[in-house]
Amino acid sequence: MIDKKRFEEDIKKIRVTNPLIHNITNYVAMNFSANALLAFGASPIMAHSPMEMEEIVTQSSALVINIGTLDENWIKGMEIAAQTAYRNHKPWVIDPVGAGASTYRTQTALHLIQEYHPNVIRGNASEIMALTNNRVQSKGVDSSINVEKAQNAADWLAKEHHTIVVISGETDYITNGQQREFIQNGSPIMPKITAMGCTASSMVGTFLSINENSFMAAAHAMAIMGITGETTAEKYQSPGSFVPAFLDNLYQMKDTEYSNKLRQ
Amino acid sequence: MIDKKRFEEDIKKIRVTNPLIHNITNYVAMNFSANALLAFGASPIMAHSPMEMEEIVTQSSALVINIGTLDENWIKGMEIAAQTAYRNHKPWVIDPVGAGASTYRTQTALHLIQEYHPNVIRGNASEIMALTNNRVQSKGVDSSINVEKAQNAADWLAKEHHTIVVISGETDYITNGQQREFIQNGSPIMPKITAMGCTASSMVGTFLSINENSFMAAAHAMAIMGITGETTAEKYQSPGSFVPAFLDNLYQMKDTEYSNKLRQ
Amino acid sequence: MIDKKRFEEDIKKIRVTNPLIHNITNYVAMNFSANALLAFGASPIMAHSPMEMEEIVTQSSALVINIGTLDENWIKGMEIAAQTAYRNHKPWVIDPVGAGASTYRTQTALHLIQEYHPNVIRGNASEIMALTNNRVQSKGVDSSINVEKAQNAADWLAKEHHTIVVISGETDYITNGQQREFIQNGSPIMPKITAMGCTASSMVGTFLSINENSFMAAAHAMAIMGITGETTAEKYQSPGSFVPAFLDNLYQMKDTEYSNKLRQ
């Protein structure tokens, strides 16, 4: 269960300290993720060149690696960034977008996880299952599959890599292999908008930067995404007008409003 | 003439089956095109690395190649993707953005067309003319030139490459060199918004995935773009607010509303 | 002091001639910057491949180079573009995004400035200070530091490189090292939206294309951004809904409305 006081404290801390969050993310998500972090109170930076990875990671408070539009040039930057984060004890989160949709993505994600031990892995059910070599077919970036099976996969993955695993979905699931958290907030419109999941990962990075408990940070971040989406969907039921309203809510909603709306 | 029943059937089919559409498109258009396909009912995937092209194309129902922000690394992925689509009889569409603005773009588009035979080529008038080596100067990405001359160029191009050619404009023109279709729907505000043409190409890919008749698929896709734009412009006459409203309409409008509003 | 008549003339000239503005800019800003230029009346083109840089720069009326998501492949294109602009007397502006945040960015920006003499350098205070080797720490992309110190840095930089330097901030500062201009228009919400600064640089490029006086062009461009933002903020105080309304205003506001709202 999320402790409401600690949830509020984390939100306030982000808004007071404006932590610098380094995002190596995909072309589709970059603008929306940057605007979401800015609206919520963080300072996003987007950078991927191997030539500056050590300096940027060292200055940042957390790192987000998202493999959504992967290629060989970007992998080099991801490798140095993840290594630098690991060596300097900077918290980092990986979003294995499309794991299962290609061997290339599955293997790149697994390599980064095995070598550089992210604090959190966040994906949808099929991506998380792909990382367990369960050979579940991933239909592109989204997919609806057996929820329980996916949660078992997440538990296994969390134990195997001593990390936190988050599955985004109708109910968000956060696990360290033993402790489990469920977030009920959200809206069915959210999967109809691109980069919502990617932005959730950037939000996880934001909370990791100010909360040393990675499990709690991941749960808080997913709660922010779900509550903001649910609140937005009360007035906006179509994906176009949902986007600006979602950003407005990230900017306007107070920590107490967030904690009051939490459904677990 | 578009058959209204078949138009409605195609729309329903997309919304029921959510076809996976693989887009190798430009940085400017990616977010908007992904959101447009999601709103309308397709499942977009954006991927460009040569390392995963065969797998991604093989899983997808159609391929969209857009050369808007071309470079050497991306051409490699486009080449494998187009080749894989051609060999596996996956339908694909090319958007020769900026053909005529540089030799590099013109030649890359012509190479892909000659070697891998796209089902549809969709561009604006100057881009289509550039592909016929008519030496028409292209002013960047948009341009207004002699409509009849452009249509003759499109006819020639369609016959030369045994394909369908679409010219977007005030009136959209679809030709296979003999059969011709004109779509009157649209709004003058649309050229004031970036990535509208690119998104039209992604929409063509979407209809190609569920209709084996490429001519009909192209006409249906252009009709969707024109009707959605025209409907949106009834309430939104400025480009900023037009964008979210356009996505809302793609999401909300029923197949019968589309067929009723069709103007040919 | 901006002369209101000349300010109005520049706006009208852009809207009548729709100048082609070549942008080599970052992934985060591309869509918003393209839409802003289109809405205001320019014709943006985004291209970065070394294979087409000479042709694209030669055809364009101005060049914008923004190093926001820099890497080795893009530097090659920037180098050829800047060189071509310099040799062909095409006006160009550099936006040294994140200078100071990494040695790589600072050195790339300084190299392009020293070799190819941009007409304008536009950044925030910490980026401009970084280019003077003042060793001011840059906190990512935004930062609030001593205003006077930054203005002295801008003066020094302008004299050193015989160029115009713009610092964006609560008050925009334009200097050639001797002549100084202050623009008071703007809104505190603007730094909460990504790519606002990048778009200001693209707007500087737009005005450079139609006004040979680079100092005046830079001042006019910053006035457009500030006045549009201020006008938008009268109705929209949150960053999500601000974005479409900002684009609407760029499209709708007349030259006389701009000149009437100017605050210096």
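Structure's up top.
Bear in mind that the values here come from a model prediction, so they are computed numbers and not experimental data. (Residues numbered from 1 in each chain as written. Chains lettered and ligands numbered in written order. Predicted model: local features only at pLDDT ≥ 70, side-chain atom pairs only at ≥ 80, totals over all residues. Heavy atoms only, no water.)

Novice: Quick question: what am I supposed to make of the interface of chain C and chain A here?
Specialist: Frequently, the measure chosen for interface size is the accessible area that the parts lose on association. Each side of the interface is counted separately: chain C has 28 residues, and chain A has 29 residues. Roughly 2300 Å² of surface becomes buried between chain C and chain A when both sides are summed, with 56% attributable to carbon and sulfur atoms. The interface formed by chain C and chain A contains 1 salt bridge. Taking the shortest distance from any N to any O, the salt bridge between Arg105 of chain C and Glu52 of chain A comes out at 2.7 Å. Where chain C packs against chain A, one counts 11 residue pairs in polar contact (both at pLDDT 80 or more). (Contact = heavy atoms within 4.5 Å. Buried area = accessible area lost by both parts, 1.4 Å probe. Salt bridge = Lys/Arg side-chain N within 4 Å of Asp/Glu carboxyl O. Polar contact = N/O pair within 3.5 Å; in protein donor to acceptor, adjacent residues only side chain to side chain.)

Novice: Where do I start with the side chain of Thr175 of chain C in this structure?
Specialist: Residue and element names in this part refer to chain C. If you trace the backbone, Thr175 turns up in strand S7 (residues 172-175). Within the local environment of Thr175, its side chain forms a polar contact with the backbone nitrogen of Gly177, the two atoms lying 2.8 Å apart. Those residues in contact with Thr175 that sit more than four places away from it in its chain are Ala154, Asp155, Ala158, Thr163, Ile164, Val165, Arg180 and Phe215. (Helix = DSSP H or I, 4+ residues; strand = E, 2+ residues; numbered from the N terminus.)

Novice: Where do I start with the packing of helix H2 (residues 30-40) of chain B against helix H8 (residues 196-208) of chain B in this structure?
Specialist: When two helices pack together, their arrangement is captured by the angle between the axes and the distance separating the axes. Residue and element names in this part refer to chain B. Closest axis-to-axis distance for the H2/H8 pair is 9 Å, and the angle between their directions is 40°. It follows from the interaxial angle that H2 and H8 lie oblique. You can see that H2 and H8 cross each other, and the crossing is right-handed. Of the residues in H8, those touching H2 at Phe32, Ser33, Ala36, Leu37 and Phe40 are Met196, Cys198, Thr199, Ser202, Met203, Thr206 and Phe207. (Axes fitted to C-alpha atoms, helices over the stretch in contact; angles between N-to-C directions. Parallel < 35°, antiparallel > 145°, perpendicular 65-115°, else oblique. Left-handed = near helix turned anticlockwise from the far one by under 90°.)

Novice: Got a minute to help me understand the relation of the copies chain A and chain B in this structure?
Specialist: Relating the two copies of this chain is a rotation about some axis coupled with a shift parallel to it. Take chain A, turn it by 120°, move it 0.0 Å along the axis, and it overlays chain B with an RMSD of 0.0 Å. Such a combination of turn and shift is consistent with a three-fold rotation axis. Proximity to the rotation axis, assessed at the C-alpha, singles out Tyr27 of chain A in chain A; its C-alpha lies 3.7 Å from the axis. Residue by residue, only 7% of the interface of chain A is reproduced at the interface of chain B, so the copies engage with different surfaces. (Least-squares fit on C-alpha atoms with pLDDT ≥ 70 in both.)

Novice: Whenever I open this one, the relation of the copies chain C and chain A confuses me. Can you help?
Specialist: Expressed as a screw operation, the relation of chain C to chain A combines 0.0 Å of axial shift with a rotation of 120°, fitting to an RMSD of 0.0 Å. Here only 7% of the interface residues in chain C have copies in chain A that are interface residues too; the copies meet through unlike faces.

Novice: What's the story with the interface of chain A and chain B in this structure? I'm lost.
Specialist: With 28 residues of chain A at the interface, the matching set in chain B holds 29 residues. Carbon and sulfur atoms make up 56% of the area that chain A and chain B hide from each other, which totals about 2300 Å². Run the count over chain A and chain B and you get 11 residue pairs in polar contact (both at pLDDT 80 or more). Where the side of chain A that touches chain B is concerned, the elements lending two or more residues are helix H4 (72-87), helix H5 (103-116) and helix H10 (239-252) of chain A. Residue composition of the side of chain A that touches chain B, by class: 10 nonpolar, 13 polar and 5 charged. (Nonpolar A, V, L, I, M, F, W, Y, C, P; charged D, E, K, R; others polar.)

Novice: Sorry, what's going on with the packing of aromatic side chains here?
Specialist: The way to describe two aromatic rings as a pair is by their centre distance and the angle between their planes. Enumeration over the complete set of coordinates arrives at 24 aromatic pairs over all chains. Aromatic side chains Tyr27 of chain B and Trp74 of chain C sit 5.9 Å apart centroid to centroid with 50° between the ring planes, which places their arrangement in the tilted category. One end of the pair, Tyr27 of chain B, is in the loop between strand S1 (20-24) and H2; the other, Trp74 of chain C, is in helix H4 (residues 72-87), on a second chain. We note that Tyr27 of chain B, like Trp74 of chain C, is buried. The interplanar angle of 75° and the centroid separation of 6.2 Å between the aromatic rings of Phe40 of chain B and Tyr258 of chain B together place this pair among those described as edge-to-face. One end of the pair, Phe40 of chain B, is in helix H2; the other, Tyr258 of chain B, is in helix H11 (residues 255-261), with 218 residues separating them in the sequence. Clustering of aromatic rings is evident, with ring pairs tying together Tyr27 and Trp74 of chain A, Tyr27 and Trp74 of chain B together with Tyr27 and Trp74 of chain C. (Phe/Tyr/Trp six-rings, centres within 6.5 Å; stacked < 30°, edge-to-face > 60°. Buried < 20%, exposed > 50% of the residue type's maximum accessible area, 1.4 Å probe, protein only.)

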